[in-house]
Amino acid sequence: MRLGEQIEGDWAASLAALAWQLDCGVDEVIGDAGLDRYDLPEPVKPAAAVAPAPPVPAPGRSGAAFVPPPEPPKIDPVAEARGVAARAGSLEALREALEAFDLCDLRKGARSLVFADGDPAARVLILGEAPGREEDMAGRPFVGRAGQLLDRMLAAIGLSRTSPDPAAGVYITNVMPWRPPGNRDPDEAEIAMMRPFVERHIALADPEVIVVMGNTPLMALTGTRGIVRARGSWTQALGRPLLPMVHPAYLLRNPLAKREAWADLLALQARLRGT
Ligand code: URA
């Protein structure tokens, strides 16, 4: 090949190579030597990014509905009292259950729990209303003026809370074991709350007859009011004979009613004698 022919051939090959690169999209010269990209060192991977916490919706502003915290379950005080009273297997356990029972607000204003007095083995159980000031101070039922009258009434038919003989004894308790403020009557909700305890108290003491004194115990055991009308007529409650009598405090205010109260005491005595 002649020199002229060789130059002409190189030139034509270079022109063809350049045209091929242009066809491949090369439009800029960036270096004198080619770059083998398969032989480049591994690039350093960037550190993994930490996902940002999702935004917390501002209450009432973001459109997300505000969900109030769940309300604590409502307590039914009567159901609670029923369960607590039913678990008491003795009078002492019942007293302790009442000491621990904190659903009745009256206990907050009272100085003591007034549970009972007298002989639990007695044939007669006397159920009063609620402690007054003297009872709250002493922690025993019927120790004030009305209680002293009650003791005289019982003595007149040969009964006493201090008798060592259960046949001549009495057991005395109240519907409400805590003194209500200002000596007000317990309301119906309070009576309903105490009723399971009263029922259990009577079941554990197991008296032969019950005497209710005043409207509160009449209501608690028979669901009725009107002690002045109901007095003196034997009825039944909790499967036992029940005699309603007016409250001794009523007799202190109404001495003329003592005549009827005397008749009721004689009816009680006759019942105990089996006559
Ligand atoms: N009245 C009641 O009914 N109970 C008492 O304990 C005292 C007064």
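One can find the structure itself at the top, above this paragraph.
Residues numbered from 1 in each chain as written. Predicted model: local features only at pLDDT ≥ 70, side-chain atom pairs only at ≥ 80, totals over all residues. Heavy atoms only, no water.

Q: Help me get a handle on helix H7 (residues 188-205), residues and values and all.
A: Along an α-helix, a turn takes 3.6 residues, which lines up residues three or four apart on a common side. Its 18 residues give H7 an end-to-end C-alpha distance of 25 Å, which sits within 8% of 26 Å, the value for a rise of 1.5 Å per residue. The sharpest bend along H7 reaches about 40° and sits at methionine 194, with the proline proline 196 one to four residues further on. For H7, the complete set of buried residues consists of Glu190, Ile191, Met193, Met194, Pro196, Phe197, Val198, His201, Ile202 and Ala205. Of the residues flanking the start of H7, the one acting as N-cap is aspartate 187, its side-chain oxygen 3.1 Å from the backbone nitrogen of alanine 189. Aspartate 206, located one to two residues past H7, shows a positive phi value of around 55°. (Helix = DSSP H or I, 4+ residues; strand = E, 2+ residues; numbered from the N terminus. Expected span 1.5 Å × (residues − 1). Bend = angle between axes of the 7 residues up to and from the residue. Buried < 20%, exposed > 50% of the residue type's maximum accessible area, 1.4 Å probe, protein only. Polar contact = N/O pair within 3.5 Å; in protein donor to acceptor, adjacent residues only side chain to side chain.)

Q: Could you give me a rundown of the side chain of histidine 201, with the residues and numbers involved?
A: By secondary structure assignment, the location of histidine 201 is in helix H7. Judged by its relative accessible area of 5%, histidine 201 falls in the buried class. In terms of polar contacts, histidine 201 uses its side chain to reach the side chain of tyrosine 171, at 2.8 Å. Not counting chain neighbours up to four residues away, the residues in contact with histidine 201 comprise Leu91, Leu94, Phe115, Ala116, Tyr171 and Thr173. (Contact = heavy atoms within 4.5 Å.)

Q: Residues and numbers for the site of the ligand, please.
A: Surveying the vicinity of the ligand reveals the residues Gly128, Glu129, Ala130, Pro131, Glu135, Pro141, Phe142, Asn174 and His247. Contact between the ligand and alanine 130: a nitrogen atom at 3.2 Å from a main-chain N or O atom of the residue. Between the ligand and asparagine 174, the relevant distance is 2.8 Å, taken from a nitrogen atom to a side-chain nitrogen or oxygen of the residue. In isolation the ligand offers 230 Å² of accessible surface; the protein chains occlude 92% of this area. Per-class residue counts for the shell around the ligand are 4 nonpolar, 3 polar and 2 charged. (Near = heavy atom within 4 Å. Areas by Shrake-Rupley, 256 points an atom, 1.4 Å probe, with all protein chains shown as cover. Nonpolar A, V, L, I, M, F, W, Y, C, P; charged D, E, K, R; others polar.)

Q: Please provide a residue-by-residue account of the packing of aromatic side chains, values included.
A: Evaluation of the coordinates by the stated rule reveals 1 aromatic pair. Ring centres of phenylalanine 101 and phenylalanine 197 lie 5.0 Å apart, and the angle between their planes is 70°; this geometry places the pair in the edge-to-face category. With a gap of 96 residues between them, phenylalanine 101 in the loop between helix H3 (91-100) and helix H4 (106-109) and phenylalanine 197 in helix H7 connect regions that are remote in the sequence. With relative accessibility at 4%, the residue phenylalanine 101 sits in the buried group. Between the NZ or CZ atom of arginine 271 and the centre of the ring of tryptophan 234, over which it lies, the distance is 4.6 Å. (Phe/Tyr/Trp six-rings, centres within 6.5 Å; stacked < 30°, edge-to-face > 60°. Lys NZ or Arg CZ within 6 Å of the ring centre and 35° of its normal.)

Q: Please provide a residue-by-residue account of unusual backbone geometry, values included.
A: Even without being a glycine, phenylalanine 142 presents a positive backbone phi close to 50°. Within the secondary structure layout, phenylalanine 142 lies in the loop between helix H5 (133-138) and helix H6 (145-156). In this model, leucine 238 sits at a positive phi of 55°, which is unusual for a non-glycine residue. Among the structural elements, leucine 238 can be located in the loop between strand S5 (235-237) and strand S6 (240-245).

Q: Hey, could you go over the pairing of strand S4 (residues 209-213) for me, with residue numbers and the actual values?
A: In terms of residue burial, S4 counts as a mostly covered element, since 5 of its 5 residues are buried. Burial along S4 is two-sided: the face carrying Val209, Val211 and Met213 and the face carrying Ile210 and Val212 are both buried. Pairing of strand S2 (residues 124-128) with S4, which is carried by 4 bridges, proceeds in the parallel orientation. Note that in S4 the partner of leucine 125 across the bridge is isoleucine 210. Strand direction decides the pairing type here: S4 and S6, joined by 4 bridges, are parallel. Residue pairing in the sheet places valine 211 in a bridge with leucine 243 of S6. (Pairing = 2+ DSSP bridges.)

Q: Let's hear about the sheet that holds strand S3 (residues 170-174): which residues, and what values?
A: Working definition: the strands of a sheet are paired by backbone hydrogen bonds and lie parallel or antiparallel to each other. In space, the 6 strands of this open sheet follow the order S1-S3-S2-S4-S6-S5, with mixed pairing throughout. Looking at strand neighbours, the two that pair on one side only are strand S1 (116-118) and S5, the edges of this open sheet. Geometrically, the sheet is characterised by an average inter-axis angle of 30° between neighbouring strands, direction not taken into account. Inspection of the sheet shows S1 paired to S3 by 3 bridges, in the antiparallel sense. Of the residues in S3, the one forming a bridge with aspartate 117 is isoleucine 172. Contacts between H7 and the sheet are confined to S1, S2, S3, S4 and S6, with S3 contributing the most and set at about 170° to the helix. (Axes fitted to C-alpha atoms, helices over the stretch in contact; angles between N-to-C directions.)

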